[in-house]
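Read off the chains here:
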Amino acid sequence: RCTVDDRVTRVAWLNRSTILYAGNDKWSIDNRVVILSNTKTQYSIKIHNVDVYDEGPYTCSVQTDNHPKTSRVHLIVQVPPQIVNISSDITVNEGSSVTLMCLAFGRPEPTVTWRHLSGKGQGFASEDEYLEITGITREQSGEYECSAVNDVAVPDVRKVRVTVNYPPYISNAKNTGASVGQKGILQCEASAVPLAEFQWFKEDTRLANGLEGVRIESKGRLSTLTFFNVSEKDYGNYTCVATNQLGNTNASIILYGPGAVHDGGNAASRAAASFCLWAALLARFLLDF
């Protein structure tokens, strides 16, 4: 807008050195620029669908009693934040180095931040367009959120999923007791990415599903070995082997009968039992002496 009075004889609007309007005559070829008001008190133009290239100085030039006067206004164009380029979902092996990229545009220039959306909630990761993770661990897998903020509009938010491969780790394998003629189930649970494949062995013999009255079922992280009718020959030590492309691991699991002494896998219990046995032997020796 440009305020004028009745002494003004000529008026014009300029963008830098380019004449947009002189009086009611349009000099600009841009159809977005139109005359809004040309009266004795106001001379104004309107720009539709403003673009960042419209930013800059605009000059209202008036002629009053043969004396030219100018009034200048600077147009500042704000642009909401927009993420224009971001890394794709990625799969890496544990221990690798990872760089995630998030490029954003806006006016004023937006602030870019990365957050790790883990099961424990949002964790701050980086305040930069690039997020670098050296020696990535399995706990650092999951979704990473990039946010671009400049207070002009709501933040622009995008997500990248990082999958971390790691070798199997058997997290649960317990000895189990079962009576003759009853059903017995051995369970083996392994964490791994990608998911582990399971095999069951008794001593050096690999067990096959459906043979000798046993069934092997593996789904997700869990594998079960089921005996439908336990017999004396079924008692003993079994080995669960979990394998994926990064490696393998195994665990020993015992199927035992009622009243059988078995190793529960507890270090404290084993230590206590060893101490009691040693004490008993020592007492017997002293009595004999």
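- As annotated in an unreviewed UniProt entry, the protein chain is OBCAM protein from Trogon melanurus.
- What UniProt states about the protein chain under its Sequence similarities (unreviewed entry) heading is, verbatim, "Belongs to the immunoglobulin superfamily. IgLON family."

1. Brief notes about the state of the cysteines
- Inspection of the entire model under this criterion finds three disulfides.
- One disulfide bridge connects Cys 2 with Cys 60, the sulfur atoms lying 2.0 Å from each other. Around the S-S axis, the bridge from Cys 2 to Cys 60 shows a dihedral of about -80° and counts as left-handed. In this pair, Cys 2 sits in the segment before strand S1 (8-15) while Cys 60 sits in strand S6 (residues 56-64), placing the two residues 58 residues apart along the sequence.
- Between Cys 102 and Cys 146 runs a disulfide, and the two sulfur atoms are separated by 1.9 Å. Taking the sign of the S-S torsion, about -80° here, the bridge from Cys 102 to Cys 146 comes out left-handed. One end of the pair, Cys 102, is in strand S10 (residues 98-107); the other, Cys 146, is in strand S14 (residues 142-149), and 44 residues separate them in sequence.
- The connectivity of the disulfide bonds within the protein chain can be written as 1-2, 3-4, 5-6, using the sequence rank of each bonded cysteine.

2. Remarks on the packing of aromatic side chains
- Counted according to the given criterion, the structure contains one aromatic pair.
- Judged by centre distance (5.4 Å) and plane angle (65°), the ring pair of Phe 227 and Tyr 238 falls under edge-to-face. Residue Phe 227 is found in strand S21 (residues 222-227), and its partner Tyr 238 is found in strand S22 (residues 236-244); the two are separated by eleven residues along the sequence. With respect to burial, Phe 227 and Tyr 238 carry one shared label: buried.

3. Observations concerning the sheet that holds strand S23 (residues 247-256)
- Ordered in space as S16-S23-S22-S18-S19, the five strands form an open sheet in which the pairing is mixed. Because the sheet does not close on itself, it has two edges, and the strands there are strand S16 (176-177) and strand S19 (205-206).
- Of the strand pairs in this sheet, strand S18 (residues 197-202) and S22 are connected by six bridges, and their pairing is antiparallel. Within the sheet, the bridge partner assigned to Phe 201 lies in S22 and is Thr 239.

4. Some details on the layout of surface pockets
- In this model, the largest pocket occupies a volume close to 280 Å³.
- Every residue lining the largest pocket is listed: Arg 1, Trp 13, Ile 45, Lys 46, Ile 47, Val 50, Tyr 58, Val 73, His 74 and Leu 75.
- Every element with two or more residues in the lining of the largest pocket is listed here: strand S5 (43-47) and strand S7 (67-75).
- Each residue belonging to the lining of the largest pocket can be placed in one class, and the counts come to seven nonpolar, one polar and two charged.

5. What about the nonpolar core?
- Judged by nonpolar contacts, the single largest core of 22 residues is most densely connected at Leu 186, Trp 200, Leu 225, Phe 227 and Tyr 238.
- For this core, the secondary structure elements donating two or more residues are strand S17 (184-193), S18, strand S20 (214-219), S21, S22 and S23.
- Element by element, the count of residues in this core is highest for S17, at four residues.
- Setting aside residues no more than four positions away along its own chain, Leu 186 makes contact with Thr 176, Trp 200, Ser 223, Thr 224, Leu 225, Phe 227, Tyr 238, Ile 253, Ile 254 and Leu 255.

6. Comments concerning the side chain of Asp 54
- Along the chain, Asp 54 turns up in the loop between S5 and S6.
- One polar contact links Asp 54 to Arg 32, side chain to side chain, over a distance of 2.8 Å.
- If we skip the residues at most four places from it in the chain, Asp 54 touches Arg 32, Ile 47, Asn 49, Leu 75 and Val 77.

7. Overview of the environment of Val 230
- Relative to the assigned elements, Val 230 resides in the loop between S21 and S22.
- Note: C-alpha distance between Val 230 and Gln 182 (48 residues apart in sequence) is 5.5 Å.
- Excluding residues within four positions of it along the chain, Val 230 makes contact with Ala 178, Ser 179, Val 180, Gly 181, Gln 182, Lys 183, Gly 184 and Tyr 235.

Procedures and definitions
Residues numbered from 1 in each chain as written. Predicted model: local features only at pLDDT ≥ 70, side-chain atom pairs only at ≥ 80, totals over all residues. Heavy atoms only, no water. UniProt positions renumbered as here; feature names shortened; annotations may be inferred. Disulfide = S-S within 2.5 Å. Helix = DSSP H or I, 4+ residues; strand = E, 2+ residues; numbered from the N terminus. Phe/Tyr/Trp six-rings, centres within 6.5 Å; stacked < 30°, edge-to-face > 60°. Buried < 20%, exposed > 50% of the residue type's maximum accessible area, 1.4 Å probe, protein only. Pairing = 2+ DSSP bridges. 1 Å grid on protein atoms, 1.4 Å probe; cavity = no way out; pocket = protein on both sides within 12 Å on 5 of 7 lines; lining within 4 Å. Points joined across faces, edges and corners; volume = space filled by probe spheres on them. Nonpolar A, V, L, I, M, F, W, Y, C, P; charged D, E, K, R; others polar. Core = buried A, V, L, I, M, F, W, Y, C linked by side-chain atoms within 4.5 Å. Contact = heavy atoms within 4.5 Å. Polar contact = N/O pair within 3.5 Å; in protein donor to acceptor, adjacent residues only side chain to side chain.

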